[in-house]
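Each chain, letter by letter, is given below.
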Amino acid sequence: MPILTFNGEKIRLRRRLSGAFLIYALLLPAVAFAQNAVVAAAAAVSVYTAPKADIDKIKDEGMNRSQVMQTLSYLTDVIGPRLTNSPNMKRANEWTRDTMSKWGMQNAKLESWVPFGRGWSLRSFSAQVVEPQTIPVIAFPKAWSPSTKGAVTADVVIFDAKSDADLDKLKGKLGGKIVLVSDVREVKAEDKPLAVRRDEAELKTMADETSPTGPPRPAPPAPTEEARQKQREQQMFNIKRMNFLLDEGPAVVVDNSTRGSGGTIFVQGASVVPEMPQGTGPFD
């Protein structure tokens, strides 16, 4: 798992910004030089209007021979998740190219792009509570997280440290354990349908609407210096908290899906932020 530092990230960010400014500086004279020519030629450019027969043909294909659901089903149900640079992404790209060729598109091919880095794919995973009774757990590994060395069976510990004193109490108690790092999230029962089909009258009302719904939201107030200081302290403690956890050597770290219900979870990539020496933090 790659370990990133804020200090190194700040250096890379400056390099990216310098590159962006350099590109803008190179393009600006060219744009200014060509502006008059573009404006002068604009009057000579005619607007193309497709023949009605061609438009009707496109509408007929979409309304009567749509491939949207078949395409969506194959990409999601058959190929499945496709993380960048993963085997499933390669399968999806090749299937898309071959499908376009079958539809009659000319010269459908795959184009390479800049190196991305190491890929990641999941071979197998399962999780369940085994004591005091068996309960299947709906979970999914974060992308780029390391694998376990075989099956892991261990006690579960809640990692709810909010201060240095809490960290001291947990020292030496997390090694080899399955650690829950998130606060409890209440998941309420769904009492409404997840999808609603609109009737013709509702669709017409939506199509006829020309004004935005409701007044514009006011801008949130600027945070006070005290609030900013608390945010800085919390961020620094979160970094310290994560490093403490890694030093303790748990077997598995589990956090909540921040959204989703009814068995649906949302998974992001794994990341680790090491503790920053004094004077190198993003707010110093």
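Structure first, text after, so check above.
The rules behind these values
Residues numbered from 1 in each chain as written. Predicted model: local features only at pLDDT ≥ 70, side-chain atom pairs only at ≥ 80, totals over all residues. Heavy atoms only, no water. Helix = DSSP H or I, 4+ residues; strand = E, 2+ residues; numbered from the N terminus. Buried < 20%, exposed > 50% of the residue type's maximum accessible area, 1.4 Å probe, protein only. Polar contact = N/O pair within 3.5 Å; in protein donor to acceptor, adjacent residues only side chain to side chain. Salt bridge = Lys/Arg side-chain N within 4 Å of Asp/Glu carboxyl O.

J.: I would appreciate a short explanation of the side chain of S257 in the present structure.
T.: The residue S257 is located in the segment after β5 (252-254) in this model. Given the relative accessible area of 16%, S257 is considered buried. Looking at S257, its side chain comes within polar contact range of the main-chain nitrogen of F266, at 3.0 Å.

J.: Sorry if this is basic, but what is going on with the environment of G262 here?
T.: Following the sequence through the fold, G262 ends up in the segment after β5. Residue G262 is classed as exposed on the basis of its relative accessible area of 76%. Taking the C-alpha atoms as reference points, G262 and A189, separated by 73 residues in sequence, lie 8.0 Å from one another.

J.: Looking at this structure, how should I read unusual backbone geometry?
T.: Apart from glycine, the bulk of residues carry a negative phi angle, and the bulk of peptide bonds sit in the trans form. Residue P132 is bonded to the preceding E131 through a cis peptide linkage, with omega at 5 degrees. Checked against the element boundaries, P132 lands in the loop between β1 (128-129) and β2 (135-136). In this structure, N107 takes a positive phi of about 60 degrees despite not being glycine. On the secondary structure map, N107 appears in the loop between α4 (87-102) and β1. Using a relative accessible area of 71% as the deciding quantity, one classes N107 as exposed.

J.: Mind showing me how you'd approach the pattern of salt bridges here?
T.: Pairs can form between side chains of opposite charge once their charged atoms are near each other. This model, assessed by the stated rule, comprises twelve salt bridges. K109 is the salt-bridge partner of E111, the closest N and O atoms lying 3.7 Å from each other. The class for K109 is exposed, based on a relative accessible area of 59%. With a shortest N-O distance of 3.8 Å, K230 and E226 are connected by a salt bridge. On the criterion of helical spacing, the pair formed by K230 and E226 is a turn pair, its members being four residues apart in helix α7 (residues 225-248).

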